[in-house]
Amino acid sequence: CRPRFRDSALTMLKKPWLHFLVLGLFLFAAGRWAFPVPKPILGPPNAARLKAMIENYSQFSRDDISPTVLSRFIDAELRDELLFREALQRGLQYRDAAIEQRIIRNMRFLDADTQADDATLVEQGYALRLPLTDEVIRRRLVQIMERLIVATARSAPPTSGEIAARYQRDINSWLEPPLYSFSHVFLSVERADEMLQLIAAVEADQMSSEQARALGAPFLSGYDFRLQSAEQMSRVFGVVFAEQLTALDPAPGDWVGPITSAFGQHYVFIAAVQPERTMPLEEVSLKIEGALVREAEERAVDDWVNNAFIGYEVVRS
């Protein structure tokens, strides 16, 4: 049986078509090695979007844009372009109601007199390739692609040990400044000269903050404020008010003033003071957990993008 099998195998090896097949496979493999399939090109970055990033940056920075910042903008634009392309390849533009509504809105804007129904407008919008040119749809697809990557990454939730470690690492960031609960009586700049008389009346009659309020003027932001930091007070009354009040180091039950604000003068009753403290772990654990989850999601997207970049020939300029 074995000699017969060996003879059959030798006969098969002598077949010309087998020689051509083996030679063809060899040439195909050699060709793929010597002349690999070119990668799709990603880039250069869209000039209009890059210009918008630079202009937006210039509005908030007095310095000229540095090469490092420009490189970061280029990376961000190429990253979004990659995610956009990958979303299109997966047909994600056909699965989102918000994108359909955007297409319908655009189509009705292009032809305000159209009698077509929504389904027809969506079909026409895809035929016009609107998802490729609309910036809102582009941003939406990038977000959808990011969510898809995060959903498939299946990262484990942060452990209690990781949360505690992050709390200790950032312990200084959980330092809460003194907080003040207070009421005030307000007089505008035009009536500032009445303030000393108002203070004398409050002290003489031992008025409560509610009674004293009737001697003052209306204040748009209200009269009672609870657990306010210096930063929060600055947003409502201005920096000078916050600096003056905290410098007095008032105690609960004190009347302090007059204190100057951007609007006039104030006589302030201190209802309560919460001293500076470090917030305990149980108070901030949910915030830390949320931050750790967001960081893990960002890493998952970054890792996916870096791996996907390998499949492209990236042109940065």
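Residues numbered from 1 in each chain as written. Predicted model: local features only at pLDDT ≥ 70, side-chain atom pairs only at ≥ 80, totals over all residues. Heavy atoms only, no water.

A.B. asks: Help me get a handle on the overall build of the protein chain, residues and values and all.
C.D. replies: In terms of regular secondary structure, the protein chain is built from 13 helices and eight strands. Taking all 317 residues of the protein chain together, 31% fall into the buried category. In the protein chain, the share of contacts with a sequence separation of at least 24, taken over all contacts with a separation of at least 6, comes to 71%. Accessible area of the protein chain: about 20,900 Å², with a carbon and sulfur share of 57%. (Helix = DSSP H or I, 4+ residues; strand = E, 2+ residues; numbered from the N terminus. Buried < 20%, exposed > 50% of the residue type's maximum accessible area, 1.4 Å probe, protein only. Contact = heavy atoms within 4.5 Å. Areas by Shrake-Rupley, 256 points an atom, 1.4 Å probe, with all protein chains shown as cover.)

A.B. asks: Lay out the environment of Leu50 with the relevant residues and their values.
C.D. replies: Along the chain, Leu50 turns up in helix 3 (residues 47-60). Judged by relative accessible area, Leu50 falls into the buried class, the value being 14%. C-alpha separation for the pair Leu50 and Ala76, spaced 26 residues apart in sequence, amounts to 9.4 Å. Leaving out residues up to four positions away in the same chain, Leu50 has contacts with Pro45, Phe73 and Ile74.

A.B. asks: Could you give an account of the pairing of strand 3 (residues 179-188), with specific residues and numbers?
C.D. replies: Of all 10 residues in strand 3, 10 are buried, a share of seventy percent or more. Side chains Leu179, Ser181, Ser183, Val185 and Leu187 of strand 3 all project onto a buried face; the interleaved residues Tyr180, Phe182, His184, Phe186 and Ser188 project onto the opposite face, where all are buried too. Note that strand 3 and strand 6 (residues 264-274) share 10 bridges and pair antiparallel. Bridge pairing in strand 6 links Phe186 to His266. Judged from the three bridges that link them, strand 3 and strand 4 (residues 224-228) form a sheet pairing that is antiparallel. Bridge assignment links Ser183 to a residue of strand 4, and that residue is Asp224. (Pairing = 2+ DSSP bridges.)

A.B. asks: Any details on the side chain of His266? Residues and values, ideally.
C.D. replies: Within the secondary structure, His266 is located in strand 6. Here the side chain of His266 touches Ser261 through a polar contact of 2.6 Å, side chain to side chain. Sequence-distant contacts of His266, defined by excluding residues within four places in its chain, comprise His184, Val185, Phe186, Met195, Phe219, Phe237, Phe241, Val256, Gly257, Pro258, Ile259 and Ser261. (Polar contact = N/O pair within 3.5 Å; in protein donor to acceptor, adjacent residues only side chain to side chain.)

A.B. asks: How would you explain helix 9 (residues 195-205) if you had to name every residue and give the values?
C.D. replies: The set of residues buried in helix 9 consists of Met195, Leu198, Ile199 and Val202. Each buried residue of helix 9 sits inside an arc of 100 degrees when the element is viewed along its axis, so together they form one side. Relative to its buried face, helix 9 has exposed residues pointing more than 90 degrees away, namely Leu196, Gln197, Ala204 and Asp205. Buried residues in helix 9 make contact with strand 3, helix 10 (209-213), strand 5 (255-260) and strand 6. Following helix 9 by one or two positions, Gln206 has its phi on the positive side, about 50 degrees. (Arc of directions from axis to C-beta.)

A.B. asks: Please set out unusual backbone geometry residue by residue, giving values where relevant.
C.D. replies: Geometrically, the link from Gly257 to Pro258 is a cis peptide bond, its omega value of 5 degrees lying close to zero. Counting through the fold element by element, Pro258 comes out in strand 5. The phi torsion at Gln206 lies on the positive side, around 50 degrees, for a residue other than glycine. Relative to the assigned elements, Gln206 resides in the loop between helix 9 and helix 10. Look at Gln206 and you get exposed, because its relative accessible area is 65%.

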